[in-house]
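Summary of the model geometry
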Amino acid sequence: MKKSRDDALAWRLRGHLYRRIRDSGLVPGRAELGEGLGAAAGEVDQALAFLADAHVLVLDEAGEVWMAHPFSAVETPFRVRTPRTDYWANCAWDALAIPLLLDVDGRTPTTCPQSGAPIDLSVADGRVEPADGAVVRFPVPARHFWDDIGFT
């Protein structure tokens, strides 16, 4: 498959997006992405649509980045605290992935959605250290994650 010029911008945008998240803990909006890349709004929208179609990220109804896996653009029950900064994760699985991806220690104090009991998900020295007996449950088989990624 031949790469188009639009594809190249999409992959540049992806790199820029993830660097901004890594550095600030925040998911930038479309305008900030365009400004950082010197790209017009329409080009940014096309690049984001390309990345969304490729399941690299998820857009909200307004076309803004909602999820740049494993990072969330909105507050969730999974706030990952690291020495660098704090990040929002989409789910427990992503809360464990963020420190591993960034090669830092991280801690996510949260609660069990079933019982409300506190859970402390931690990554230290590249190793996952869940609380006593903690289990990350996947209510949807992986092959169906993208059927409704916001629920999954």
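These figures come from a predicted structure and were not determined experimentally. (Residues numbered from 1 in each chain as written. Predicted model: local features only at pLDDT ≥ 70, side-chain atom pairs only at ≥ 80, totals over all residues. Heavy atoms only, no water.)

1. A few points about the environment of H16
Stated formally: A run of H or I in DSSP becomes a helix once it reaches four residues, and a run of E becomes a strand once it reaches two; helices and strands are each numbered from the N terminus. Every residue pair with non-hydrogen atoms within 4.5 Å of one another is taken to be in contact.
Within the secondary structure layout, H16 lies in helix α1 (residues 5-24). Here the alpha-carbon distance between H16 and G36, two residues 20 residues apart in the chain, equals 7.7 Å. Apart from the residues within four sequence positions on either side, H16 is in contact with E32, L33, G36 and L37.

2. Observations concerning the pattern of salt bridges
The following threshold applies: Salt bridges are defined by distance alone: a side-chain nitrogen of Lys or Arg within 4 Å of a carboxyl oxygen of Asp or Glu. The cut-offs for exposure are 20% and 50% of the maximum accessible area for each residue type, with area from a 1.4 Å probe on protein chains only; residues under the lower value are buried, those over the upper are exposed, and the others partly exposed.
In total, this model carries 7 salt bridges according to the counting rule given. Its salt-bridge partner being D86, residue R79 comes within 3.1 Å of it at the nearest N-O pair. On the basis of relative accessibility, which here comes to 34%, the residue R79 falls in the partly exposed class. Here D120 and R107 are joined by a salt bridge, their closest N and O atoms 2.8 Å apart. Note that D120 is positioned in strand β7 (residues 118-124) and R107 in strand β6 (residues 106-111), a separation of 13 residues in sequence. Using a relative accessible area of 39% as the deciding quantity, one classes R107 as partly exposed. One salt-bridge network, in which partners are shared between bridges, spans R30, D45 and E64.

3. Focus on helix α3 (residues 41-53)
For clarity, the cut-off: By this rule, a helix spans an expected 1.5 Å times one less than how many residues it contains. As used here, the arc is the angular range of directions from the helix axis to the C-beta atoms.
Along its 13 residues, α3 runs 18 Å from first to last C-alpha, staying within 8% of the 18 Å computed at 1.5 Å per residue. Among the residues making up α3, those that are buried are V44, A47, L48, L51 and A52. Each buried residue of α3 lies within a common arc of 135° when the element is viewed along its axis, so the set occupies one face. Immediately beyond the C-terminal end of α3, within one or two residues, lies H55, with a positive phi of roughly 60°.

4. A few points about helix α2 (residues 30-37)
Restricting attention to buried positions, one finds in α2 the residues L33, G34 and L37. Burial along α2 is one-sided: seen end-on, the buried residues are contained in an arc of 95°. The outward face of α2, more than 90 degrees from its buried face, is lined by the exposed residues A31 and E35. Trailing α2 by a residue or two, G38 shows a phi angle of about 65°, which is positive.

5. A closer look at the sheet that holds strand β1 (residues 58-59)
Remark on secondary structure: sheet strands pair via backbone hydrogen bonds, oriented parallel or antiparallel. Operational definition: Paired strands are those between which DSSP finds at least two bridges.
The strand order across the open sheet formed by 3 strands is β1-β2-β3, and the pairing between neighbours is antiparallel. Each of the sheet's edge strands pairs with one partner strand only, and the pair in question is β1 and β3 (71-72).

6. Some details on unusual backbone geometry
Along the chain, H69 connects to P70 via a cis peptide bond; the corresponding omega equals 10°. Its place among the elements puts P70 in the loop between β2 (65-68) and β3. Positive phi outside glycine occurs at D125, with the angle close to 50°. As for its position among the elements, D125 is in the loop between β7 and β8 (127-128).

7. Describing the side chain of N90
Our working rule: Two N or O atoms form a polar contact when they lie within 3.5 Å of each other; inside protein one atom must be a possible hydrogen donor and the other a possible acceptor, and for residues adjacent in sequence the pair counts only when both atoms belong to side chains.
The residue N90 is located in the loop between β5 (86-88) and α4 (92-102) in this model. Here the side chain of N90 touches P70 through a polar contact of 3.3 Å, landing on its backbone oxygen. Side-chain polar atoms of N90 contact the backbone oxygen of F71, separated by 3.3 Å. The residues touching N90, leaving out its near neighbours within four places in the chain, are M67, H69, P70, F71, S72 and F78.

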